[in-house]
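# Inside the fold
The primary structure of each chain is shown beneath.
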Amino acid sequence: MAERKRQLTIGLSLTATWLKGASEHRNVDEDPVAFNVRLAQMAETAKLDFVFKPDTLFVPPGTPAKGAAPLDPTLALTAVALNTSHIGLVTTISTSFNPPYVTARQLQSLHWMSGGRAGWNIVTSLEGAGNFGAAEMPPPEARYRKAAEFVDTVKALWRSNPPQDLADGRPLPPVNHRGEFFHVDGPLNIAGHPAGDPPLFQAGASDRGRSFAASVADAIFAATPDMAAAQELRADLRRRAVAAGRPADAIRVLPGLYFFIAETREEAWALHRRAHDHFTREQRLEKLRMVLGIDLSHLPDEQILTAEDLPGCDHPVRSRTHADLLRRHILENRPTLGEVLHRPEVVGSAHWVAVGTVEDVLAEIVSWHDEGAIDGFIALPGGSEESMRLFFDQLMRRLADMGLFRNDYGAKTLAEHLLKVDAKMS
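Residues numbered from 1 in each chain as written. Predicted model: local features only at pLDDT ≥ 70, side-chain atom pairs only at ≥ 80, totals over all residues. Heavy atoms only, no water.

## Topic: the overall build of the chain
To keep it simple, the criterion reads: Here a helix means four or more residues in a row that DSSP labels H or I, a strand means two or more in a row labelled E, and each is numbered from the N terminus. Just to be clear, the radius of gyration here is over C-alpha atoms, and the globule rule we use is 2.2 Å times residues to the power 0.38. Burial here depends on accessible area, computed with a 1.4 Å probe over protein chains only, as a share of the maximum for the residue type. Under 20% is buried, over 50% is exposed, and the range in between is partly exposed. Two residues form a contact once any of their heavy atoms are found within 4.5 Å. Each accessible area value is a Shrake-Rupley result obtained with a 1.4 Å probe; residue values ignore everything except the protein chains displayed when judging cover. Counting rule applied: Lys, Arg positive; Asp, Glu negative; His and chain ends not counted. Note that the charge is assigned to NZ on lysines, CZ on arginines, CG on aspartates and CD on glutamates.
Along its length, the chain carries 14 helices and eleven strands. The C-alpha atoms of the chain give 22 Å as radius of gyration, which agrees with the globular expectation for 426 residues (22 Å, within 12%). With 426 residues in all, the chain has 51% of them scored as buried. Within the chain, residue pairs in contact and separated by at least 24 positions form 74% of the contacts whose partners lie at least 6 positions apart. Accessible surface, the chain: about 19,400 Å² in total, of which carbon and sulfur atoms supply 53%. Counting 46 positive and 54 negative side-chain charges, the chain places the centres of these two groups 3 Å from one another.

Here it is, written out as structure tokens:
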């Protein structure tokens, strides 16, 4: 009998992704604490592995006020921890601006408050230097060197104060870390949780980001707009994990799945159009300039784009990952400018986009899984709350019926969820 593949790992982003669009309210009307708790409880009812709270430490001056601002993710997840019992809680903390000691303590505190359900999304910030006393962001190489040292320091701090069942009364040892970026004495003033260290997540997909993720992360959040991109990323990360001395399956590839689900395909596509029709041509051209680092406003929409229209691969861009994704699409498909202006990378998402009925989106998930493109995904509901409800109530149940996801929780820690040791098969 063929060996059954490991079940999917599925998380939910705690953001109102379904509110995008000109005809939708731009704010979440309910209290932001209640909003996070409500979404997490819905995800827990569907037996998801974790919820994920993204973050940014930068708001461009002049940005219109949008009511309640996003809460600090770690603080927001403490409220979620007290109102849930099983689902994992993955917070986002930047290695660019925070001290390792404070980060180690915050994460371990959330781990204790949640009963071993905390996780850390490690980010190297792209923006925000001016908010922390620096004139500009350092280059990617320096950011990743700092991130690697940061993570090593946090892990050393966690090891400096072991869980109570491992402690034998000896004095806590100092860490005495002296590196390029940090000097930390230690030890940490909070003991480790019996569940072990919080699992690590990472989102960088550049060459340097991949190497970093392969060396430390349990899972990577990825922007993979098509199956080929996901297959290439997953295969590459598995190779890099082995080169780093880890098992090939030590890291899970979890693309963002931005889905628009409705009772009919026509209704689903109407949701997708409505979510993006507020962008003017000028706004789309500006977004394209931000992605590729080049102004194409002088070209007509019917102009077919080729390599000659694009800057070199070493041209400075805001995000190399998104630039490379769009560049590859242009070189392989020779689209018109008008077609490119409607691409997910331009209108706001470089994620995997699925539009259709529950069965349509289910078939796409199963196909990506069977073809070795994913280990799971991050759910990004699009179009309406009804789209999210159909995902939770119908699509997740179908995945469980097929044996691709759990029917119920059997364990309570995030590490166990990721290992699928608690999966109850149909």
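## Topic: the pairing of strand S10 (residues 352–356)
Working note: regular strand, side chains alternate between the two faces of the sheet. Put simply, the test is: Two strands are said to pair when DSSP picks up at least two bridges between them.
For S10, the tally of buried residues reaches four of five residues, placing the bulk of the element in the interior. For strand S9 (residues 252–261) and S10, the ladder comprises five bridges, and the chain directions are parallel. When the sheet's bridge partners are listed, Leu-257 is paired in S10 with Trp-352.

## What about the pairing of strand S8 (residues 219–222)?
Applicable threshold: When the strands point away from the viewer, a crossover counts as right-handed if the path from the first strand over the helix to the second runs clockwise.
The alternating pattern of S8 places Ala-219 and Phe-221 and Ile-220 and Ala-222 on opposite faces, both of which are buried. Relative to S8, strand S7 (residues 200–202) is paired through two bridges, and the arrangement is parallel. Each residue of the ladder has a partner; that of Gln-202, found in S8, is Ile-220. For the handedness criterion, the β-α-β arrangement of S7, helix H5 (residues 207–216) and S8 is classed as right-handed. In this sheet, S9 lies alongside S8 in parallel orientation, the contact comprising four bridges. The residue of S9 that forms the bridge with Ala-219 is Arg-252. What joins S8 to S9 is helix H6 (residues 227–243), and the crossover it makes is right-handed.

## A look at the side chain of Asn-161
For clarity, the threshold we go by: Polar contact is defined as a pair of N or O atoms within 3.5 Å, subject to the rule that within protein one atom must be able to donate a hydrogen and the other to accept it, and that residues adjacent in sequence are counted only when both atoms are side-chain atoms.
Within the fold, Asn-161 resides in the loop between helix H4 (140–160) and strand S5 (177–178). Engagement of the side chain of Asn-161 in a polar contact is seen with the backbone oxygen of Leu-188, the distance being 2.9 Å.

## Quick word on the nonpolar core
To keep it simple, the criterion reads: Only buried residues count toward a nonpolar core. Its members are Ala, Val, Leu, Ile, Met, Phe, Trp, Tyr and Cys residues joined through side-chain atoms within 4.5 Å.
In terms of nonpolar packing, the biggest core is built from 48 residues, with Phe-391 and Leu-399 touching the most fellow members. Those elements that place two or more of their residues in this core are strand S1 (9–13), helix H1 (32–45), helix H2 (73–81), S9, S10, helix H12 (358–370), strand S11 (376–381) and helix H13 (385–401). No other element matches H13, which puts seven residues into this core. Once you skip the residues sitting within four places of it in the chain, Leu-399 turns out to touch Leu-8, Ile-10, Leu-362, Ile-365, Leu-404 and Phe-405.

## Brief notes about the packing of aromatic side chains
Stated precisely, the cut-off is as follows: When the centres of two rings from Phe, Tyr and Trp lie within 6.5 Å, Trp using its six-membered ring, the rings pair. Their planes under 30 degrees apart give stacked, over 60 give edge-to-face, and anything left gives tilted.
Under the criterion given, the structure shown has 16 aromatic pairs. Ring geometry for Phe-259 against Phe-391: centres 4.7 Å apart, planes inclined by 25°, an arrangement best described as stacked. Pair noted here: Phe-259 is in strand S9 and Phe-391 is in helix H13, with a separation of 132 residues, a long-range link. Phe-391 gets classed as buried once you look at its relative accessible area, which sits at 0%. Members of the aromatic cluster, connected to one another through ring pairs, are Phe-259, Trp-352, Trp-368, Phe-377, Phe-391 and Phe-392.

## With respect to H5
If you check which residues of H5 are buried, you get Gly-209, Arg-210, Phe-212, Ala-213, Ala-214 and Val-216. Considering only its buried residues, H5 is in contact with strand S4 (118–123), H4, S7, S8 and H6.

## Some details on the packing of H1 against H2
In plain terms, the rule: Only the stretch in contact is used when fitting a helix axis, every axis being a line fitted to C-alpha atoms; angles between N-to-C directions are given from 0 to 180 degrees. In what follows, roughly perpendicular refers to angles from 65 to 115 degrees, roughly parallel to angles under 35, roughly antiparallel to angles over 145, and oblique to any angle outside these ranges. If you view the pair so one helix is near and one far, a crossing is left-handed when the near helix is turned anticlockwise from the far one by less than a right angle, and right-handed when it is turned clockwise. The nonpolar class holds Ala, Val, Leu, Ile, Met, Phe, Trp, Tyr, Cys and Pro. Asp, Glu, Lys and Arg form the charged class, and all remaining residues, Gly among them, are polar.
Contact geometry for H1 and H2: axes closest at 9 Å, N-to-C directions at 55°. As judged from the angle between their axes, H1 and H2 are oblique. Both H1 and H2 take part in a crossing whose hand is right-handed. On the side of H1, the interface is formed by Val-33, Asn-36, Val-37 and Ala-40, while H2 contributes Ala-76, Ala-79 and Val-80. When grouped by side-chain class, the residues that make up the contact of H1 with H2 number six nonpolar, one polar and no charged.

## Considering the environment of Ser-85
Following the sequence through the fold, Ser-85 ends up in the loop between H2 and strand S3 (88–94). In sequence terms Ser-85 and Thr-413 are 328 residues apart; their C-alpha atoms lie 9.5 Å from each other. Leaving out residues up to four positions away in the same chain, Ser-85 has contacts with Glu-44, Arg-117 and Lys-412. A distance of 2.8 Å separates a polar atom in the side chain of Ser-85 from a polar atom in the side chain of His-86.

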